[in-house]
Amino acid sequence: MIPVEVHGIAVGCSAHIGRYGYVASAPYTAPEARTPLVISWLDDEQLAAVDATEYPNYRRVLLSGEQYPMLMPSGERLPAAYLYVGERGVLMSPDGTERPLPGGGDQSALLTRLLAGSPRLRELLGPDPRSWVTRAGTDPAVRREGTRIFQEEGWTLPQPDLLHRPHHGPGGAVGPPGHDALSTPE
């Protein structure tokens, strides 16, 4: 694993409720962003294992180093890399003040904010983050309904620029050469 600065991509909150009841992170396009991420070089078996954990909520797409420059600490630019993109986009704040909500922060604060913004979510998931995670983490139907509420509340920001890139993994592999064509730095 190597740190890499990616230009034009930022990290928000995925517009779905994950299998353990939390709201995971997801990338989105942000032209002025310079985001520190980590890149890993995986073999076929490792890549298949990661694909299996991410599908169907994320799609692995090939990100061009020309369109989204990726710089390693050495200054070397990567020609391309895979990125897992949220199928449903990212969440905007319930009150409209943040487009999109930043990902990777305090999950309890995020869930509290989302519950405060929607009586329907409170009815479905309870009054607090603990009840949210308990209910959503044990019932796939609750997760699907909560995810649907995000969209119906108008909180989702689709990422068509990322999702319409060549994609790989479960659900169909199409597009440019596989990960073997992406060289490991020397």
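Everything quoted here is computed from the prediction, not taken from an experiment.

Comments concerning the environment of R120
1) Next: Take R120: it is sitting in helix α3 (residues 119-125).
2) Next: Contact partners of R120, with chain neighbours within four places excluded, come to E145, R148, I149, E152 and E153.
3) Next: A distance of 2.3 Å separates a polar atom in the side chain of R120 from a polar atom in the side chain of E152.

Digging into the packing of helix α4 (residues 129-138) against helix α5 (residues 140-152)
The geometry of a pair of packed helices is captured by two quantities: the angle between their axes and the separation between those axes.
1) Next: Put simply, α4 and α5 touch, their axes get as near as 5 Å, and they point 115° apart. Only P140, V142, R143 and F150 of α5 make contact with α4, whose side of the interface consists of W132, R135, A136, G137 and T138.
2) Next: Classifying every residue of the contact of α4 with α5 gives 5 nonpolar, 2 polar and 2 charged.

Some thoughts on the nonpolar core
1) Next: In terms of nonpolar packing, the biggest core is built from 18 residues, with V23, L91, L114, L121, L125, W132 and F150 touching the most fellow members.
2) Next: Elements that contribute at least two residues to this core include exactly α2 (107-116), α3, α4 and α5.
3) Next: Top element by residues in this core is α2. It accounts for 4 residues.
4) Next: Not counting the four nearest positions on each side in its chain, W132 is found in contact with I17, G21, V23, L111, L114, L115, L121, L125, G137 and F150.
5) Next: Counting 15 residues, the second-largest nonpolar core is a separate cluster that includes I39, V61, M70 and L163.

Rules behind the numbers
- Residues numbered from 1 in each chain as written.
- Predicted model: local features only at pLDDT ≥ 70, side-chain atom pairs only at ≥ 80, totals over all residues.
- Heavy atoms only, no water.
- Helix = DSSP H or I, 4+ residues; strand = E, 2+ residues; numbered from the N terminus.
- Contact = heavy atoms within 4.5 Å.
- Polar contact = N/O pair within 3.5 Å; in protein donor to acceptor, adjacent residues only side chain to side chain.
- Axes fitted to C-alpha atoms, helices over the stretch in contact; angles between N-to-C directions.
- Nonpolar A, V, L, I, M, F, W, Y, C, P; charged D, E, K, R; others polar.
- Core = buried A, V, L, I, M, F, W, Y, C linked by side-chain atoms within 4.5 Å.
- Buried < 20%, exposed > 50% of the residue type's maximum accessible area, 1.4 Å probe, protein only.

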